[in-house]
Amino acid sequence: MTLLTEKQLFQEFTPVGWDEWKAQASLDLRQTPFERIRWTTPDGFTLEPWYAPDNTAALSERSNPEQGNIWRNCRRIAVSDIHQANSSALESFSQDVTALEFFFCNQDLCTGENIIRLLQGISVPAVAIYFSGHLGNPLLLMETLAEMPEFSSNTGGILTATDRIPAGEELAICNAGHSMPDFRFLPVDTVPWHDQGATASQEIALALAAASDTLHRFTEAGMEADIVVAGMEVIMATGSSHFTELAKPRALRALLPPLLKAWGARKNTMPRLFARTSAANRSILDPFTNVLRQTTEAVSAVLGGYQTLQIDPFDNGLSVSENTAERISANIHLILREESFLHRVADPAAGSHYIETLGAELAKSAWSFFLEIEAAGGLAVALQNGTVTRAISGSGAARKKTLENRKKTLIGVNRYPWPLTPVQERNIEALLQALDAEPPGSQTAAFERLRLKAEKHRSLTGRVPTVFIGLSGDPAISFRQAAFAEDFFRCGGFDIAGTAILDGNVETCDKALIDSPAIAVLCVAEKDPVPQAEAFCRALSERQPSLITVFAGKPPDNPEKLFNAGLDSFIYTGVDVLAMLQSYHTKTGIQ
């Protein structure tokens, strides 16, 4: 079979340049400015909606086209009981698991005897074995593994931070790893920073800085840089911003060679890349939306070129049974491989002008932050003096704002929440505790905590405050306002008491008060909505003084008339939804 070049494939089409495409796009947009379809990323750079060869920035990193896109499916097993963990590990192989991560819940369990019992019946050379959690001194674990002949060819590693290795034991742990040349014992874990709200470029920079600190520590102890690099595994979270997360590992691989060369590494050895699906965007109350997020995250990781992928169960067992959650999440890997055949294409993102440019911009932004960390004295110093914390807190606050004003949508969280199931209603306290345990950069916890507080209020009082929605004026507009208002208040756990048309006669306000709602939302679609809204506000306040009256729409030029008539507030696109819902909780007595 003769391979066709790009020129041969598209020779019948007239080439289109960037300027020509932009001119046509601007014409088609009519009154909308072209800048509206450009994307300013969380990392601060702007991406065009389309790229051509004449405006593409390329990454230096390239994959070998002869290699398949092979990844290892890793199952994480919590070790609180050795026998049970061993049984779970043996059951994993029916799910096409090729790597196992044993997460020790208790340091006392991580002993040589327990390791042997944990691995009983497992063909250690055939499956990558990872260890994480409460391991104590990793040197003791490494020495135990080094004494096991079957571990000499294992391709797993340790996923717990290397700062737990006591000073002065650098040579000892490297010597222990000498008998296991493919076992990675020097992890670089960026997941905690991702969970705190770090952007993609910040994660890349922190991975470089952690790798640099590790190289500094171990080369100072007398180890060759090549040996240190051969012991590294970079662990990163993969979020749901598909193209960004796809480009993230590509940018990292492009930046690693110059860093490693600067430390004296001469061979082509590179740290391995290990991906975890993100916990920061995981919904506790609408767990099945997590399956969709995990699927896009897994696709990003696979196409981005991670060697190992670990997909968490989509639920913690409080809404869906643990077995069901684990089975469905495990099937994501099977579908991507056995039905989508993603493993049959080598580097499918290569050649995409958009991905290449996004990766190049991420690399540029990451390298700038990395140099800032290095100038501060390295990662350890930058963590102590607050350089890293300030950067992450700033990006985390910006991300939080986009969620709170709903410029970013998380289905089931800040838009379109699904009612709680009977199982969840029985587990409200446990769900609240689970939210308290979410990572500090959780994108879902604040909204879901509001809904649970409302449900807890219902369980204590027998009801939750209700919202009535009244419509007036042009139906095409007022019905859209009503849909917005209903979705707005459901995100706070409020019940919708009803919706009705309010004509010009204020006597129709009696419809709004039949069920004694706590809140009434006015959706007035008039050219000048103030007179009609003012009359409704006065009528509602006279009939039910405790009623909280809300206007769906931006404040007019003269909002004082409405406030004087009894209006409480305005809700509209771009308002801080979370803060508004919290205030309505307080006003309606939800604690």
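These numbers were taken from a predicted model, which means no experiment stands behind them. In every chain, residue numbers begin from 1 and rise along the written sequence. pLDDT decides what is reported in this predicted model: residues at 70 or higher carry local features, side-chain atom pairs at 80 or more are listed and counted, and totals for whole chains, interfaces and linings draw on all residues regardless. To obtain the side-chain values, all non-hydrogen atoms of the structure were used and water was disregarded.

Novice: Tell me about the sheet that holds strand S13 (residues 519-525), and please be specific about residues and values.
Specialist: Think of a sheet as strands paired side by side through backbone hydrogen bonds, with each pair either parallel or antiparallel. Should DSSP find at least two bridges between two strands, the strands are taken to pair. Working definition: helices are DSSP H or I runs of at least four residues, strands are E runs of at least two. Numbering for both runs from the N terminus. Strand order in the open sheet made by the five strands is S12-S11-S13-S14-S15, with parallel pairing throughout. A strand with exactly one partner marks an edge of an open sheet, and here the two such strands are strand S12 (495-501) and strand S15 (567-571). Taking the axes of each pair of neighbouring strands and ignoring which way they run, one obtains an average angle of 25° across the sheet. The pairing of strand S11 (residues 466-473) with S13 spans seven bridges and is classified as parallel. Counterpart to Gly 473 in the pairing with S13 is Ala 525. Lines fitted to C-alpha atoms define the axes here, with helix axes fitted over just the stretch in contact, and angles between the N-to-C directions of these axes take values from 0 to 180 degrees.

Novice: Break down the side chain of Arg 72 for me, citing the residues and quoting the values.
Specialist: Within the element layout of this structure, Arg 72 appears in strand S3 (residues 72-79). Residue burial is assigned from relative accessible area. The probe radius is 1.4 Å, only protein chains are included, and a residue is buried under 20% of its type maximum, exposed over 50%, and partly exposed in between. Counted charges follow a simple rule, with Lys and Arg positive, Asp and Glu negative, and His plus the chain ends left uncounted. Only one rule defines a salt bridge in this text: a Lys or Arg side-chain nitrogen within 4 Å of an Asp or Glu carboxyl oxygen. For the buried Arg 72, no salt bridge exists, and the shortest N-O distance to an oppositely charged side chain is 4.7 Å, to Glu 233. Polar side-chain contacts of Arg 72 include one of 2.6 Å to the side chain of Tyr 130. The definition of a polar contact used here is a pair of N or O atoms within 3.5 Å, where within protein one atom must be able to donate a hydrogen and the other to accept one, and adjacent residues in sequence count solely through side-chain atom pairs. In terms of polar contacts, Arg 72 uses its side chain to reach the side chain of Thr 155, at 2.7 Å. Note on contacts: a residue pair qualifies if any of its non-hydrogen atoms lie within 4.5 Å across the two residues. Once residues within four sequence positions are removed from consideration, Arg 72 is found in contact with Thr 98, Ala 99, Ala 128, Tyr 130, Thr 155, Arg 272, Gln 307, Thr 308 and Leu 309.

Novice: Can you lay out the packing of aromatic side chains for me, pointing to particular residues and giving the numbers?
Specialist: When the centres of two rings from Phe, Tyr and Trp lie within 6.5 Å, Trp using its six-membered ring, the rings pair. Their planes under 30 degrees apart give stacked, over 60 give edge-to-face, and anything left gives tilted. Overall, the coordinates contain 20 aromatic pairs when judged by the stated rule. Between Phe 104 and Phe 131, the aromatic rings sit 6.5 Å apart at their centres with planes inclined by 25°, giving stacked as the arrangement. Pair noted here: Phe 104 is in strand S4 (residues 99-104) and Phe 131 is in strand S5 (residues 128-133), with a separation of 27 residues, a long-range link. Take Phe 104 and Phe 131: they sit in the same class, and that class is buried. Their ring planes at 70° and their centres at 5.5 Å tell us that Phe 243 and Tyr 354 sit as a pair that is edge-to-face. Placement of Phe 243 in helix H10 (residues 242-262) and of Tyr 354 in helix H13 (residues 353-375) is noted, with a sequence separation of 111 residues between them.

Novice: Outline the pairing of S3, listing residues and values.
Specialist: Burial of S3 is extensive: six of the eight residues sit out of reach of the surface. Bridge count for S3 against S4 is six bridges, and the pairing is parallel. From the neighbouring strand, Cys 74 faces S4, where its bridge partner is Ala 99.

Novice: Can you tell me about the nonpolar core, naming the residues and giving the values?
Specialist: Throughout, nonpolar core names a set of buried Ala, Val, Leu, Ile, Met, Phe, Trp, Tyr and Cys residues whose side chains join them through atoms within 4.5 Å. Ranked by size, the top nonpolar core spans 101 residues in total, and within it Phe 102, Phe 104, Phe 131 and Phe 151 carry the most contacts. If you tally residues by element for this core, the top one is helix H8 (residues 200-220), at 11 residues. Not counting residues up to four positions away in its chain, the partners in contact with Phe 102 are Ile 77, Val 79, Ala 85, Ala 89, Leu 118, Leu 119, Ile 122, Ile 129, Tyr 130, Phe 131 and Ser 132. In this structure, Leu 403, Cys 491, Val 577 and Ile 590 belong to the second largest nonpolar core, which totals 31 residues.

Novice: Report on the pattern of salt bridges, specifying residues and quantitative values.
Specialist: Using the criterion set out here, one finds 25 salt bridges in the structure. Close ionic contact of Glu 203 with Lys 248 constitutes a salt bridge, the shortest N to O distance being 3.0 Å. Here Glu 203, found in helix H8, pairs with Lys 248, found in helix H10; they are 45 residues apart in sequence, far enough to count as distant. Assigned by exposure class, Glu 203 and Lys 248 land together as buried. Linking Asp 347 and Arg 250 is a salt bridge whose minimum nitrogen-to-oxygen distance equals 2.7 Å. Of this pair, Asp 347 sits in the loop between helix H12 (322-339) and H13 while Arg 250 sits in helix H10, placing them 97 residues apart in sequence. The exposure class of Asp 347 is buried, given its relative accessible area of 11%.

Novice: Could you give an account of the side chain of Thr 387, naming the residues involved and the relevant values?
Specialist: You can see Thr 387 is positioned in helix H15 (residues 387-404). By relative accessible area, Thr 387 is classed as buried at 9%. Polar contacts involving the side chain of Thr 387 include one to the side chain of Asn 385, which spans 2.7 Å. Among residues more than four places away in sequence, those in contact with Thr 387 are Glu 372, Ala 376 and Ala 382.

Novice: Kindly report on the pairing of strand S9 (residues 272-277), identifying the contributing residues and their values.
Specialist: Most of S9 is tucked away: six of the six residues are buried. One ladder, built from three bridges, connects S9 with strand S10 (residues 308-310); its direction is parallel. Across the sheet, residue Arg 276 finds its bridge partner in S10, namely Gln 310. Orient the strands so they point away from the viewer, and a crossover whose first-strand-to-second-strand path over the helix runs clockwise is right-handed. As a crossover connection, the stretch from S9 through helix H11 (residues 288-304) into S10 is right-handed.

These figures come from the coordinates and say nothing about function on their own.
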